[in-house]
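# Observations on chain architecture
This is what each chain is made of:
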Amino acid sequence: MNPELAIVLILLGAAIAMFAINKPRMDAVALIVMTVLPLTGVISINEALAGFSDPNIVLIAALFVVGEGLVRTGVAQRLGDWLIARAGTAEVRLIVLLMFVVAGLGSVMSSTGVVAIFIPIVLRICQNTGISASRLMMPLSCAALISGMLTLVATAPNLVVNSELARHGVAGFRFFSFTPFGLPILVLGILYMTFARRWLVAKIHQKDGSSSRPNLRQWIEEYKLRDREHRVRLTERSPLVGKTIEELNLRRTAGANIVAIERSRRFSKDLIAPSARTELQADDVLLVDLFAPSNNLEALHQQFGLEALPLTGDYFSDRSQEIGMAEVFIPANSNAIDKTILELRFRRRYGLTVVGLRRGKTCIRRGLLTEPLKLGDTLLLIGTWKAIEKLRSDTTELILLNLPVELDDVLPAAKRAPQAIFCLLLTIALMVSGAVPNVQAALIGCLLMGALRCLDLNSAYRSIHWSSLVLIVGMLPFSIALQKTGGVDLAADALIRAIGGASSYIVLGSLFAITAVLGLFISNTATAVLMAPVALAIADELKASPYPFAMIVALAASTAFMTPISSPVNTLVVVPGRYAFEDFVRVGVPFSLIVMVVCVILVPWLLPLY
């Protein structure tokens, strides 16, 4: 061993130790590597920074942006809603559908992002069905990891290995090259998880009591709105058709507020915030707040030609993408003091409707619009989220007191889901066809996402996991340094000597095992960076095709089921699933062995060695 290789190995050992204890952060370790390695003279500073010019780094960043477009437009969330509707309360069916949906979505976007999206969805399923979160969170993380075995762009290690093939002077993998391996493993994973869930002790998910933010259902109960809100359709014979809200003045004539208007378009249904000039049309569906409890509903329906429609307590939660609520209170310097809601013209000024008034602990129901407001009164307002957001800037008349938890789930571009799906399908089609390089296809998808207003530049930049990119770029210099100092050839020779004249199955199994074990201590991306050149060097020694060796490393890098720190995907589900370290060992180690056996059999069969 030459002195230069010894220095590189010492630095590599130090980096692995820092990764293992997670001090400092992984991306910080990568920056240290990029800074220190050139000081040894083994590689130049240009070689240390060469990763930033790697097309695969740009491809990974672009895929983060495409994934963000799917999140902001609600495509991912609608998949979750479909899951709830289809699976019902059957635990096995939930696991099967959950893993299929997560793996499918993770095959075209960041698996970490998919898990982050589905954690609240799974918790909501658990709350509605009574199933313990510990029985579903592990299948969620398992499916997200398997998604990395389905397509070329599903996870960073695949792209790292593909980049190493290009550096080796051979053509890389195609978009669906991984699918014949990933699909059988996904089916096995689903079967395994339906059995292994019994090893996970059912633990009751306790909500975090530190948050005092209410939800829309709680406000409906607190302000006694359940019996006041009604949903009606304007028939063609209705005298309201063709008239503006200002002309009708239903507040005075019928004791009613029109809170929102649902209007059908050719291909969609819009929710319109009513204003004085809004003209009502036949077949409009009105959400009406009837604040005068003495009114006879049947008489109103007949008088105004209205057709009653069902309205459940879940209506506001179901329409929470469009309709929001907010609590405000009256400060000491407000001009609203001693004035009524009618006098203040709330709808004209704020675009919002007052549906509730509390004075202290008392909810005032009668004379809501004509009651003079007092210092410290709390008002419940309803309207569009855009109008509610404007309340933040008005701190003299009203102080924004509370916003519901549903605000966190509001999608910035909910109406642009078809455009986002089009961008995704076009990107995949370009990658599959090979018409343009993968990175160019992803960039086209990003630009289209922006042009079709699925996301803006700020959200696009925020969506990129810069720490992940820095980690990949920072570990690439080790690959270059080990190749220049002979470390890769030394490792390949050592492995070949260790296994002697063993069969190809033993060689591939050894590579898989080393990669998987190394992934216990460092990230699967860093593992792929280190093991890909070793695998290709072994292929050269054996005069074999590089593809099965590269594939086995990529698949092993995604087999990160064994510990909660093997992958960020696992780390994310630890708290909501209330898992201990041994839970991952108990479930993950047997499945990792199953995956290794399957891969060692399938890889040389589908990708011949010679």
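Please read these numbers as outputs of a predicted model, since none were measured by experiment.

## Side note on the overall build of the chain
When helices and strands are counted, the chain shows 28 helices and 10 strands. Looking at the chain as a whole, 54% of its 610 residues qualify as buried. Within the chain, counting contacts between residues at least 6 apart in sequence, those at least 24 apart form 79% of the total. When the accessible surface of the chain is split by element, carbon and sulfur atoms take 59% of a total near 27000 Å².

## A short note on the confidence of the model for the chain
Low pLDDT means the predicted coordinates in that region are not meant to be read closely. In this model, the chain carries an average pLDDT of 82, and 90% of its residues clear a pLDDT of 70 or more. Contacts from residues 204-211, a stretch scored under 50 in pLDDT, to residues over four places away or in other chains number seven contacts.

## Overview of the environment of Gly69
Position of Gly69 among the secondary structure elements: in helix 4 (residues 55-72). Along the sequence, Gly69 and Ala413 sit 344 residues apart, while their C-alpha atoms lie 8.7 Å from each other. Once you skip the residues sitting within four places of it in the chain, Gly69 turns out to touch Ala420, Met449 and Leu455.

## Some words on helix 2 (residues 26-36)
Inspection of helix 2 places Asp27, Val29, Ala30, Val33 and Met34 among the buried residues, and these make up the whole buried set. One face of helix 2 carries all of its buried residues, which in axial projection span an arc of 155°.

## Comments concerning the nonpolar core
In this structure, Phe118, Leu140, Phe478, Leu511 and Phe549 are the most contacted members of the largest nonpolar core, which totals 148 residues. Among all residues touching Leu140, those that are not within four sequence positions of it are Leu98, Val102, Val115, Phe118, Ile119, Val122 and Val573. Core analysis: the second largest hydrophobic core is formed by 24 residues, Val354, Ile364, Leu379 and Leu381 among them.

## Here's the deal with unusual backbone geometry
Even without being a glycine, Asp283 presents a positive backbone phi close to 75°. When its relative accessible area of 46% is taken as the criterion, Asp283 is described as partly exposed. With a phi close to 50°, Arg345 is a non-glycine residue in the positive phi region. Overall, Arg345 belongs to the partly exposed group, its relative accessible area being 48%.

## Points about the packing of aromatic side chains
Throughout the structure, instances matching the rule amount to nine aromatic pairs. Geometrically, the ring pair formed by Phe173 and Phe178 is edge-to-face, given 5.3 Å between the ring centres and 70° between the ring planes. The class of Phe173 is buried, set by a relative accessible area of 8%. An angle of 25° between the planes, with centres 5.0 Å apart, marks the rings of Tyr192 and Phe591 as stacked. With Tyr192 in helix 10 (residues 179-196) and Phe591 in helix 28 (residues 581-606), this pair connects stretches of sequence that are 399 residues apart. Each member of the pair, Tyr192 together with Phe591, is buried.

Reading the values: rules and limits
- Residues numbered from 1 in each chain as written.
- Predicted model: local features only at pLDDT ≥ 70, side-chain atom pairs only at ≥ 80, totals over all residues.
- Heavy atoms only, no water.
- Helix = DSSP H or I, 4+ residues; strand = E, 2+ residues; numbered from the N terminus.
- Buried < 20%, exposed > 50% of the residue type's maximum accessible area, 1.4 Å probe, protein only.
- Contact = heavy atoms within 4.5 Å.
- Areas by Shrake-Rupley, 256 points an atom, 1.4 Å probe, with all protein chains shown as cover.
- pLDDT = per-residue confidence, 0-100.
- Arc of directions from axis to C-beta.
- Core = buried A, V, L, I, M, F, W, Y, C linked by side-chain atoms within 4.5 Å.
- Phe/Tyr/Trp six-rings, centres within 6.5 Å; stacked < 30°, edge-to-face > 60°.

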